[in-house]
Structure formats: structure tokens, C-alpha cells
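Each chain is listed here by its residues.
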Amino acid sequence: MKKRNGTIDFMKFIFTMCIVGSHLYTMILKSGGRKDLRFVGHISVEFFFIVSGFLLALSCMRMAEKSEYNCGTATAIVMKRKFLGLYPVFLVSFVLKFTYELYNQFGGFRIKEIIKAMLQSASSFGMLQSLGLGEAIALPFAWYISALLMVSMILFPLAYRYKDTFFKVIAPLIVIGGYAYLMHKNGKILVLQSETDWNGITYDSTIRALAGVSLGMLCYHLCGKLKAYQGKMTRFGVAILSMVELAAFAFPICYMRSFLRGEAQPFVVLCFAIATTLAFSELGISTRIFSGRIFNFLGEFSYAIYLSQWVAIYVCKVRWGMVSAPRFFLEFFVTLFVASAVIYLLAKLLVKVVGWIKNVLGKAMIIQEQ
């Protein structure tokens, strides 16, 4: 498997924009009287949980093949890598949000207020917003990241230690039980982190993440079996798989603007699972279509878009009704992409600066030892 999958990267961008569109509708357009623009893009988060689960299983199996780490050490290595990969963009966006709220919520930048806000938002700084600790200042929409990290730390050691039992028994039970619980309690899978979402132990959105990541890990298991057919498929077989993959990606997007409600969401999740499995199997033609570096960049950049959307929403919310709809949408998306680019570049700079500091300190310590 290639380091990055162009189809998955491109769809990350598409579904990130669907999530942005959904937040734009619920936070601005709906309250502004445009209910005709209803858009249920929140369901796209399931795609990201499934893809994350697939990649978590991939990391687990690669680590297990080395046979040089025990379960605890392997889990720590993978979780550290995942945390450091997500943190730079998160930190830059959170610092901007923290600064904004210091001025608006705490009334200025006095040392006392800064320390108070930092103490009350400690879990947010560590990307742990789904613990239920409460945060004075939280990064909007970042519940997804903390939920992902929490369930990854639970599922990885189970898959690493009990591989056969996990993929054949544990993961299927989590998927069925998790989604059945959400459908029974809420009548839908799409639940968001809120006060009513707390079930006494954790947020229902964390159960949503647990089921989604487990499903993604099952997709990895199935994908391994499909890859045995690489180079053996007829043109007709490739065409059929390609059409199934296209339909599985298209149905969730159609659902977002349809009259269908929560009862259809299990089928949407199933489509995400089928599409993800086929895209990673690289048996269809999408692998050749989305093979350029631009698609890989869009996949990477989509994370910055997701964590920057609050800027565009906050900045442009007051503009709704003051300008024409076409101009409002233009201003919104320009603001979104500019904010995303700034946060993305600052995160890259942060990584380079931290790397340079570690290098300098490392050399200084070596010289001192000599």
C-alpha cells in the first residue's frame, strides 16, 4: 500500500467541506430563515472515524509484524505518533481561539485571567475535550479529535494483543452494540457532544467514535482479503467494483440534502465502510484517477480546514443579511481558506522550530557530556 491513498485524501477534502457546509447551515443559515438550505453534512464524521480505524489497524499489524515490542510499548509508540501528528494544527487553532475568548469572555489579557483560563481549559490544551471535565474555553468541533484519541487507546492494545479474537468477535460486537445503542436512544447515529449527550460515563459521541473506529478496523481486515485479487480482476470486475465504490461515496452526499432522516443513517455508515474498503483495496479505477500529489495535499489540508472553520463562522456570522447571499458565500469561503492556510503554515513553522530547538539542545547536551 502506498504511503497515502489519493482517493481517500480527495474524499477527506470533500467530506470536510460537507461538514463545514453543515455547520454553516446550523449556525448561520438556519437561524437566518434559510431552512430550504438544510444540509446534514455532520454524518461525514463517520467517514473520518472509519478511515482512522482502518489506519489504526494498519499501524497495529505493522507493529505486530516487527515482534519487538510488548503491547504497552507498541500502544504508547503509536499513540505518541498519532498525538504529535494531530497536535500542531490543533495547537495553533486553539491558541487563536484561546486569545479570542480571553478578550471576549475573560475581559482582557491580565496575568490572573490568563492563568485562570488556562487552568480551566487544561483538558482542551491536551485535546481531551471528551472526558467530561468541562472547559472554560474549548476549540469548536474538536470533540472529534479527543474522542478519536480515547477510543484508539482502547482499541489498539485489544487488536494488538488479541488479533484473531478482536477482528472476529470484539470489533463486530462493538460495531453492532454501539450503533444499536445510538439508534435505540436517539433514533439516529448522528449525535453531537452536548450536555444531553452525557450518558453517565461518557458522551454518546464517544460511543459513536468507538463504533466507527471499530468498523474501520474491520474494513482493514476485509481489505486484506480483497487485495489478494490485485492483478487478477477482469476489466468487467474492475468496472463493477469502481461503480460500487462511486455509488457508496455518492449516496451519503445525496443523503445530506434529502428528505431522509435518522432511520437512513445506518445505511449511510455502511456506504462509507464499503467505499473506504474498496478505495484502500486499490482494485478500482479511482486509484489511477486520484493519483496526483494535489489530492494528497487536499487530504492533509482538510484537517486545517476542519479546525479553522470556526474562524469563518465567527467572522462572517454578522454579515448574513447585510449583503447578498452570493457575496456572503464568497466572503465565507475566502475567509475559510485564508484562515486554513494561515493555521496550516503556522503549524508547519511550529514543527520546524520545535525540531530546530530539539536539535540545538541535543547538540548542547552531547558537548557537555564530552
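Structure: see above.
From a predicted model like this one, the values you see are computed outputs, not experimental measurements. (Residues numbered from 1 in each chain as written. Predicted model: local features only at pLDDT ≥ 70, side-chain atom pairs only at ≥ 80, totals over all residues. Heavy atoms only, no water.)

Points about the overall build of the protein
Step number 1: If you tally the helices and strands in the protein, you get 13 helices and zero strands.
Step number 2: Along the protein, helices and strands appear, N-terminal first, in the series α-α-α-α-α-α-α-α-α-α-α-α-α.
Step number 3: Its C-alpha radius of gyration of 22 Å places the protein within 12% of the 21 Å reference for a compact globule of 370 residues.
Step number 4: For the protein, the spread of C-alpha atoms along the principal axes amounts to about 70 × 65 × 45 Å.
Step number 5: Counting over 370 residues, the protein shows a buried share of 49%.
Step number 6: In the protein, of all internal contacts separated by at least 6 residues, the share reaching a separation of at least 24 is 74%.
Step number 7: In the structure as shown, the protein presents an accessible area of about 18,600 Å², 67% of it carried by carbon and sulfur atoms.
Step number 8: For the protein, the separation between the mean place of its 38 positive charges and that of its 18 negative charges on side chains is 5 Å. (Helix = DSSP H or I, 4+ residues; strand = E, 2+ residues; numbered from the N terminus. Rg over C-alpha atoms; globule rule 2.2 N^0.38 Å. Buried < 20%, exposed > 50% of the residue type's maximum accessible area, 1.4 Å probe, protein only. Contact = heavy atoms within 4.5 Å. Areas by Shrake-Rupley, 256 points an atom, 1.4 Å probe, with all protein chains shown as cover. Lys, Arg positive; Asp, Glu negative; His and termini not counted. Charge placed at Lys NZ, Arg CZ, Asp CG, Glu CD.)

Side note on the pattern of salt bridges
Step number 1: Summed over all chains, the structure comprises eight salt bridges.
Step number 2: The salt bridge partner of Arg-4 is Asp-9, with a shortest N-O separation of 2.8 Å.
Step number 3: In this structure Asp-9 comes out as buried when scored by relative accessible area, which is 3%.
Step number 4: In this structure, Glu-300 and Lys-348 form a salt bridge, with 2.8 Å as the shortest nitrogen-oxygen distance. Pair noted here: Glu-300 is in helix H12 (residues 293-316) and Lys-348 is in helix H13 (residues 325-369), with a separation of 48 residues, a long-range link.
Step number 5: A single network of salt bridges, built from pairs that share partners, joins Arg-4, Asp-9 and Lys-12. (Salt bridge = Lys/Arg side-chain N within 4 Å of Asp/Glu carboxyl O.)

What about the packing of aromatic side chains?
Step number 1: Under the definition given, this model contains 33 aromatic pairs.
Step number 2: Look at Phe-10 and Phe-290: their rings are 4.9 Å apart centre to centre, the planes differ by 15°, and that puts the pair in the stacked class. Separated by 280 residues along the polypeptide, Phe-10 in helix H1 (residues 6-29) and Phe-290 in the loop between helix H11 (286-289) and H12 bring together distant segments of the chain.
Step number 3: Summarising the aromatic geometry, the rings of Phe-251 and Phe-267 are spaced 4.9 Å apart at their centres and angled 80° between planes, so their arrangement reads as edge-to-face. Of the two residues, Phe-251 is situated in helix H9 (residues 235-255) and Phe-267 in helix H10 (residues 265-281); the sequence distance between them amounts to 16 residues.
Step number 4: Counting every residue linked through ring pairs, the aromatic cluster contains Phe-15, Phe-47, Phe-48, Phe-49, Trp-143, Tyr-144, Phe-249, Phe-272 and Tyr-306. (Phe/Tyr/Trp six-rings, centres within 6.5 Å; stacked < 30°, edge-to-face > 60°.)

As for the environment of Ser-308
Step number 1: With respect to the helices, strands and loops of the structure, Ser-308 is situated in helix H12.
Step number 2: Of the residues examined, Ser-308 reaches a relative accessible area of 0% and is grouped as buried.
Step number 3: Placed 48 residues apart in sequence, Ser-308 and Leu-260 show a C-alpha to C-alpha distance of 29 Å.
Step number 4: Look past the residues within four positions of Ser-308 in its chain and what remains in contact with it is Leu-336, Ala-339, Ser-340 and Ile-343.
Step number 5: A distance of 2.5 Å separates the side chain of Ser-308 from the backbone oxygen of Ala-304, its partner in a polar contact. (Polar contact = N/O pair within 3.5 Å; in protein donor to acceptor, adjacent residues only side chain to side chain.)

Some points on H9
Step number 1: Between its first and last C-alpha, H9 extends 30 Å over 21 residues, near the 30 Å set by a 1.5 Å rise per residue.
Step number 2: Regarding H9, the residues found buried are Gly-237, Val-238, Leu-241, Ser-242, Glu-245, Ala-248, Phe-249, Pro-252 and Tyr-255. (Expected span 1.5 Å × (residues − 1).)

A few points about the environment of Val-175
Step number 1: With respect to the secondary-structure elements, Val-175 resides in helix H7 (residues 163-186).
Step number 2: When near neighbours in sequence (up to four residues on either side) are disregarded, Val-175 contacts Ala-211, Ser-214, Leu-215 and Leu-218.

Re unusual backbone geometry
Step number 1: One non-glycine residue with positive phi stands out, namely Met-127, at about 60°.
Step number 2: The backbone of Glu-282 sits at a positive phi, close to 60°, despite the residue not being glycine.
Step number 3: Structurally, Glu-282 can be placed in the loop between H10 and H11.

Here's the deal with the nonpolar core
Step number 1: Counting residues in each nonpolar core, the largest one holds 111 residues, and the members touching the most others are Phe-15, Phe-47, Phe-90, Tyr-144, Ile-145, Met-217 and Leu-307.
Step number 2: Top contributing element to this core by residue count: helix H2 (residues 45-66), with 13 residues.
Step number 3: Setting aside residues no more than four positions away along its own chain, Ile-145 makes contact with Leu-86, Phe-90, Met-127, Tyr-303 and Leu-307. (Core = buried A, V, L, I, M, F, W, Y, C linked by side-chain atoms within 4.5 Å.)

Details of the state of the cysteines
Step number 1: With the rule as written, the count across this model stands at zero disulfides.
Step number 2: Looking at Cys-271, it has no disulfide partner, and the nearest cysteine sulfur is the one in Cys-254, 9.9 Å off.
Step number 3: Owing to a relative accessible area of 6%, Cys-271 belongs among the buried residues under this scheme. (Disulfide = S-S within 2.5 Å.)

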